[in-house]
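Each chain is listed here by its residues.
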Amino acid sequence: MLFQSMIAALQADSKWERGLYKHPPVDGLAAMGRVYAPWGFSQAYYLEKLYQSEGYDSLKSYVEDYWDQVFLSFDANDLIAMLRTGISGDISDNPVDHFNFEQALRKISSPALVMPGSSDLFFTPEDRKLSSLYSLIDFNQQFL
């Protein structure tokens, strides 16, 4: 849902012109940053005003001078392509696995470090119920 919201915020800019813009849709890029900002750092980061330790005197200045600038540094079409990859990316969408996600996971042989965090807003504790799928990956390998 987050990624779709970010795309919608960007495409609401009148300069978007269906991705054929002549000038970057800066209002849409800034709006995209505003949608992402609550997810970028933990809730405690904002509640405790930790952005002030980075030299920002207010939340407004932090959002404008940090998040707006981060998103203004990207090409709008590139951002949408990355987000759509996140939305539709599926390691099992291939001729061998035929959308069998567990089968695709079993074939992973690369070392991996799965490290959930209690303040991670992308993968919440509720999402960790899926962690049983990680048991399908062979983690009995040397880690880097």
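Quick caveat: nothing in here was measured; it's all calculated off a predicted structure.

Things to note about the overall build of the protein chain
Helices and strands together make up the secondary structure of the protein chain, namely six helices and zero strands. Secondary structure elements in the protein chain, listed N-terminal to C-terminal, are α-α-α-α-α-α. Contacts in the protein chain between residues far apart in sequence, at least 24 positions, make up 58% of those at least 6 positions apart. A total of about 10,000 Å² of accessible surface is found on the protein chain, and carbon and sulfur atoms cover 58% of it.

Examining the nonpolar core
One finds M6, L10, M32, Y46, Y62, W67 and F71 to be the most contacted residues of the largest nonpolar core, which totals 22 residues. The contacts of L10, once residues within four sequence positions are left out, are W16, P25, G28, L29, M32, A76 and I80.

Here we look at the side chain of D68
For D68, the position within the fold is in helix α4 (residues 59-72). At 2.8 Å, the side chain of D68 and the side chain of R34 are in polar contact. Not counting residues within four places of it along the chain, the set of residues in contact with D68 comprises A30, R34 and V63.

Side note on the packing of helix α1 (residues 2-11) against helix α5 (residues 76-88)
Running from N to C, α1 and α5 point in directions that differ by 155 degrees, and their axes come no closer than 9 Å. Taken together, the axes of α1 and α5 are roughly antiparallel relative to one another. Between α1 and α5 lies a crossing whose hand is left-handed. Contacts between α1 and α5 pair F3, Q4, M6, I7, L10 and Q11 from the former with A76, I80, L83, R84, G86 and I87 from the latter. Tallied by class, the residues present in the contact of α1 with α5 amount to eight nonpolar, three polar and one charged.

So, the environment of D120
Residue placement: D120 occurs in the segment after α6 (101-106). Since its relative accessible area comes to 27%, D120 is described here as partly exposed. Separated by 80 residues in the primary sequence, D120 and G40 have C-alpha atoms spaced 9.4 Å apart.

Focus: α5
Look at α5: 18 Å from first C-alpha to last across 13 residues, which is about the 18 Å you get at 1.5 Å a residue. Burial in α5 covers these residues: A76, L79, I80 and L83. For α5, the angular spread of buried residues about the axis comes to 95 degrees, placing them on one side. Projecting away from the buried face of α5 at angles above 90 degrees are the exposed residues T85 and S88. As for α5, its buried residues are in contact with α1, α2 (26-40) and α4. The backbone nitrogen of N77 lies 3.1 Å from a side-chain oxygen of the residue at the head of α5, namely D75.

A word on the packing of α1 against α2
Between α1 and α2, the least distance of the axes is 7 Å, while the angle of their chain directions is 155 degrees. With respect to α2, the element α1 is oriented roughly antiparallel. Like other packed secondary-structure pairs, α1 and α2 cross with a definite hand, here right-handed. Residues L2, S5, M6, I7, A9 and L10 of α1 touch α2, and the partners they reach there are G28, L29, A31, M32, V35, Y36 and W39. Along the lines of polarity and charge, the residues of the contact of α1 with α2 split into 11 nonpolar, two polar and no charged.

About the cut-offs
- Residues numbered from 1 in each chain as written.
- Predicted model: local features only at pLDDT ≥ 70, side-chain atom pairs only at ≥ 80, totals over all residues.
- Heavy atoms only, no water.
- Helix = DSSP H or I, 4+ residues; strand = E, 2+ residues; numbered from the N terminus.
- Contact = heavy atoms within 4.5 Å.
- Areas by Shrake-Rupley, 256 points an atom, 1.4 Å probe, with all protein chains shown as cover.
- Core = buried A, V, L, I, M, F, W, Y, C linked by side-chain atoms within 4.5 Å.
- Buried < 20%, exposed > 50% of the residue type's maximum accessible area, 1.4 Å probe, protein only.
- Polar contact = N/O pair within 3.5 Å; in protein donor to acceptor, adjacent residues only side chain to side chain.
- Axes fitted to C-alpha atoms, helices over the stretch in contact; angles between N-to-C directions.
- Parallel < 35°, antiparallel > 145°, perpendicular 65-115°, else oblique.
- Left-handed = near helix turned anticlockwise from the far one by under 90°.
- Nonpolar A, V, L, I, M, F, W, Y, C, P; charged D, E, K, R; others polar.
- Expected span 1.5 Å × (residues − 1).
- Arc of directions from axis to C-beta.

Nothing here speaks to function; it is all geometry.
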